[in-house]
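Commentary on secondary and tertiary structure
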Amino acid sequence: MNARAHRKEEEEMLLQRADDLCRANNLRLTPIRERVYRELVQSGGPVGAYDLVDRLSSDKKRLAPVTIYRALDFLRDAGLVHRLATQNSYIVSHGQPEVNAMKIMFVCTKTGQTVEVHSKEVAEAVKKAAEEAGFKSLSPFIEVEGEMVRS
């Protein structure tokens, strides 16, 4: 299978996963939410909210940023996208980690490329550090900035 066909297959799998997840949780994937999610899936990397406004608006009608932000909030709350605080952008989630694992998003500061990794060891270390600090962690997600040393 060539790279283009593989990418298309992965896009369809992510879109089907979103539809399945919304149906299973009685959530409504409205047309605008689906358009925002599809654009993120097709981009293959982090995209800012205002870039989404530009990409999804037409010559005749510009979408309001609040519309995009509401769609992104829905998608984030549903576990379909992540907000990358370091880049003020959004990226598609590639599924939930196994039980007791934590999702780590490595973000290259030079290229913007991201790599998602799930780790039980990191989850355990964060849990232990949080307990020692008298803190209860709510977010099973860590963002790490750095530079890619291999591609």
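Please read all numbers here as calculations on a predicted model, not as lab measurements.

1. Here we look at the sheet that holds strand β5 (residues 141-146)
Pairing between sheet strands relies on hydrogen bonds along the backbone, with the strands arranged either parallel or antiparallel. Here three strands make up an open sheet; going across it, the order is β4-β3-β5 and the pairing mixed. Unpaired on one side and paired on the other, β4 (114-119) and β5 mark the two borders of the sheet. Between one strand axis and the next, the sheet turns through 25° on average, direction left out of account. Bridging between strand β3 (residues 102-108) and β4 involves six bridges; their strand directions are antiparallel. Following the sheet pairing, Met-102 is matched in β4 by Ser-119. In the packing of helix α5 (residues 120-132) onto the sheet, contacts are made with β3, β4 and β5, and the angle to β4 comes to roughly 75°.

2. Some remarks on the environment of Ile-32
Tracing the backbone through its elements, the reader meets Ile-32 in helix α2 (residues 31-43). Put simply, Ile-32 and Leu-75 are 43 residues apart on the chain and 11 Å apart in space, counted from C-alpha to C-alpha. Setting aside residues up to four positions removed in sequence, Ile-32 forms contacts with Leu-63, Thr-67 and Ala-71.

3. Some points on the side chain of Ser-119
Examined against the element boundaries, Ser-119 turns out to sit in strand β4. From its side chain, Ser-119 meets the backbone nitrogen of Val-122 in a polar contact 3.1 Å long. Contacts of Ser-119, omitting those with residues within four sequence positions, involve Ala-101, Met-102 and Ile-104.

4. Observations concerning the pattern of salt bridges
A side chain of one charge can pair with a side chain of the opposite charge if their charged atoms are brought near each other. Tallied over the entire structure, the rule returns eight salt bridges. We note a salt bridge from Arg-55 to Glu-39, for which the minimum N-O separation is 3.2 Å. One end of the pair, Arg-55, is in helix α3 (residues 49-56); the other, Glu-39, is in helix α2, and 16 residues separate them in sequence. When its relative accessible area of 44% is taken as the criterion, Arg-55 is described as partly exposed. Judged by its relative accessible area of 18%, Glu-39 is buried. Where Asp-54 meets Arg-62, a salt bridge forms, and the shortest distance between an N and an O atom there is 2.8 Å. Judged by relative accessible area, which is 47%, Asp-54 ranks as partly exposed. Taking relative accessible area as the criterion, Arg-62 reaches 52% and is therefore assigned exposed.

Rules and cut-offs
Sequence order as written defines residue numbering, which begins from 1 separately in each chain. For a predicted model such as this one, the threshold for reporting local features is a pLDDT of at least 70, and the threshold for listing and counting side-chain atom pairs is 80 or more; totals across whole chains, interfaces and linings nevertheless cover every residue. Side-chain calculation: all heavy atoms of the structure are included, whereas hydrogens and water are not. Should DSSP find at least two bridges between two strands, the strands are regarded as paired. Put simply, DSSP H or I for four residues or longer makes a helix, DSSP E for two residues or longer makes a strand, and each gets a number counted from the N terminus. Structural elements are reduced to axes, namely lines fitted to C-alpha atoms, with helices fitted over the stretch in contact, and the angle between N-to-C directions of any two is expressed from 0 to 180 degrees. Throughout, a contact is declared for two residues whenever any of their heavy atoms are within 4.5 Å. We call two N or O atoms a polar contact when they sit within 3.5 Å, provided that within protein one can donate a hydrogen and the other can accept it, with sequence-adjacent residues counted only if both atoms are side-chain atoms. Salt bridge, as used here, is a side-chain nitrogen of Lys or Arg placed within 4 Å of a carboxyl oxygen of Asp or Glu. Partly exposed residues are those whose accessible area sits between 20% and 50% of the maximum for their type, while under 20% is buried and over 50% is exposed, using a 1.4 Å probe and protein chains only.

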